[in-house]
Amino acid sequence: MPNQLGNHSLSTQGAAAIAGHFLGEASYSTLEYYSAARSRTAAATFVLAMFAKAVSSVNLARGVDRDELFERYDVKLWSFNDNVALFALATAPSVAILAVLYASFRGVETIRSAFGL
């Protein structure tokens, strides 16, 4: 089938490469996360630490390490081509929702303990 697509066809490197191309991930395929050329600015480190600290403090699930969250957010920052502002705009709403859920949970817990339920 790929040979019938003509001159503009994708290379036949496997289904994962073709699926990644159609999902819009081809532009990131040349980037390497652990590349020696990639460096994180002090502002990016601060923002990553802030998000990791916020999420670890409002996380209801126990056992989530702040360093692990930092690494996860670093991967997410890399997926935004190390654009700190875009990363913060994309991540802040989910962290805010998590904080609201945490506050609601703690509020319900306080009311239940006040009434002895």
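All values derive from a computational prediction rather than experimental measurement.

Conventions adopted
- Residues numbered from 1 in each chain as written.
- Predicted model: local features only at pLDDT ≥ 70, side-chain atom pairs only at ≥ 80, totals over all residues.
- Heavy atoms only, no water.
- Core = buried A, V, L, I, M, F, W, Y, C linked by side-chain atoms within 4.5 Å.
- Buried < 20%, exposed > 50% of the residue type's maximum accessible area, 1.4 Å probe, protein only.
- Helix = DSSP H or I, 4+ residues; strand = E, 2+ residues; numbered from the N terminus.
- Contact = heavy atoms within 4.5 Å.
- Axes fitted to C-alpha atoms, helices over the stretch in contact; angles between N-to-C directions.
- Parallel < 35°, antiparallel > 145°, perpendicular 65-115°, else oblique.
- Left-handed = near helix turned anticlockwise from the far one by under 90°.
- Salt bridge = Lys/Arg side-chain N within 4 Å of Asp/Glu carboxyl O.
- Expected span 1.5 Å × (residues − 1).
- Polar contact = N/O pair within 3.5 Å; in protein donor to acceptor, adjacent residues only side chain to side chain.
- Phe/Tyr/Trp six-rings, centres within 6.5 Å; stacked < 30°, edge-to-face > 60°.

Caption draft 1: Representation of the nonpolar core. A44, V47, L48, F51, A52, V55, L69, F70, Y73, L77, F87 and V95 together form the largest nonpolar core, which totals 12 residues. Elements that contribute at least two residues to this core include exactly α2 (42-58), α3 (66-79) and α4 (84-114). Among the elements that line this core, the one with the most residues is α2, at six residues. Beyond its immediate stretch of four places on either side in the chain, V95 contacts F51, A54, V55 and Y73.

Caption draft 2: Fine view of the packing of α2 against α4. Interhelical geometry of α2 versus α4 gives an angle of 15 degrees and a closest axis separation of 10 Å. For the element pair α2 / α4, the angle class is roughly parallel. Two packed elements cross with a definite hand, and for α2 against α4 that hand is left-handed. Between α2 and α4, the residues in contact are A44, V47, L48, F51, A54, V55, S57 and V58 and V84, F87, A88, T91, A92, V95, L98, A99 and Y102, respectively.

Caption draft 3: Structural detail: the pattern of salt bridges. What the rule picks out here adds up to three salt bridges. For the salt bridge of R72 with E68, the shortest nitrogen-to-oxygen distance reads 2.5 Å. Remark: E68 and R72 occur in helix α3; sequence separation between them is four residues, near one turn of the helix. Across the pair R106 and E109 runs a salt bridge, and its minimum N-O distance is 2.7 Å. You can see R106 and its partner E109 sitting in helix α4, three residues apart, about one turn around the helix. Given the relative accessible area of 37%, E109 is considered partly exposed.

Caption draft 4: Local environment of α4. The end-to-end C-alpha distance of α4, which contains 31 residues, comes to 43 Å, matching closely the 45 Å that a straight helix rising 1.5 Å per residue would cover. Within the sequence span of α4, burial applies to F87, T91 and V95. Between the side-chain oxygen of the N-cap and the backbone nitrogen of A85 there are 3.3 Å, and the N-cap of α4 in question is N83. A positive backbone phi angle near 70 degrees is found at G116, which sits one or two residues after α4.

Caption draft 5: Expanded view of the side chain of T91. You can see T91 is positioned in helix α4. Residues contacting T91, with those up to four places away along its chain left out, are F51, Y73 and K76.

Caption draft 6: Highlighting the packing of aromatic side chains. All told, the structure shown has three aromatic pairs when counted by the stated rule. Their ring planes at 45 degrees and their centres at 6.0 Å tell us that F51 and Y73 sit as a pair that is tilted. Of this pair, F51 sits in helix α2 while Y73 is found in helix α3, placing the two residues 22 residues apart along the sequence. Like F51, the residue Y73 is buried in the burial classification. Considering the side-chain rings of Y73 and F87, the 6.0 Å spacing of their centres and the 75 degrees angle between planes classify their relative orientation as edge-to-face.

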